[in-house]
Amino acid sequence: MGDFNVDLSLNNSNSKEWLDFTSNFQLIQLIKAPTRVTATTATLIDHFFTSHLDKARAVKVAKIGLSDHYPICANIILFVNLLYCCSILLFVARKDIFGKNVLPLN
């Protein structure tokens, strides 16, 4: 999951090459809505990949203005048994409303 700077809303050689590369590892990209929207553009450059569709639930783009990118939210099932279900909720934003980095940008 992250900002890969490959716009998957475009059907061009960069996006095709990136999806071909990730499919070599049986990874499926789940984000379909634009993740970076400005007054003049809308791009899908933040991606969420999984090789286990059954483990990724409710993967969404939260259309709230925390930064120049919309955050991606996902509920991931870590393990399930008859008595207990463990899942995590991921919420990723790159910057908070004051412009400070929420996550390292390395």
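Scroll up a little and you will see the structure.
Just so it is clear, the model here is predicted, and its values are computed rather than measured.

Student: So what about the overall build of the protein? Which residues, and what values?
Tutor: Along the backbone of the protein there are 1 helix and 9 strands. Ordered by position from the N terminus, the helices and strands of the protein form the series β-α-β-β-β-β-β-β-β-β. The burial tally for the protein puts 28% of its 106 residues in the buried class. Intrachain contacts of the protein at a sequence separation of at least 6 include 39% that bridge at least 24 residues.

Student: How would you summarise the nonpolar core if you had to cite specific residues and measurements?
Tutor: Ile31, Phe48 and Val59 are the most contacted members of the largest nonpolar core, which has 13 residues in total. Secondary-structure elements contributing two or more residues to this core are β7 (56-61) and β8 (72-80).

Student: Explain the packing of aromatic side chains residue by residue, including any values.
Tutor: By the definition in use, this model includes 3 aromatic pairs. For the ring pair tryptophan 18 and phenylalanine 49, a centre distance of 6.0 Å and an interplane angle of 80 degrees mean the geometry is edge-to-face. Remark: phenylalanine 49 occurs in strand β6 (residues 49-50) and tryptophan 18 occurs in helix α1 (residues 13-23); sequence separation between them is 31 residues. For phenylalanine 49, a relative accessible area of 15% translates into the label buried. Between the aromatic rings of phenylalanine 21 and phenylalanine 25, the centroid separation amounts to 5.3 Å while the plane-to-plane angle is 70 degrees, which identifies the pairing as edge-to-face. In this structure an aromatic cluster arises from ring pairing among Trp18, Phe21, Phe25 and Phe49.

Thresholds, definitions, all that
- Residues numbered from 1 in each chain as written.
- Predicted model: local features only at pLDDT ≥ 70, side-chain atom pairs only at ≥ 80, totals over all residues.
- Heavy atoms only, no water.
- Helix = DSSP H or I, 4+ residues; strand = E, 2+ residues; numbered from the N terminus.
- Buried < 20%, exposed > 50% of the residue type's maximum accessible area, 1.4 Å probe, protein only.
- Contact = heavy atoms within 4.5 Å.
- Core = buried A, V, L, I, M, F, W, Y, C linked by side-chain atoms within 4.5 Å.
- Phe/Tyr/Trp six-rings, centres within 6.5 Å; stacked < 30°, edge-to-face > 60°.

Without other data, these values stay purely geometric and don't point to any function.
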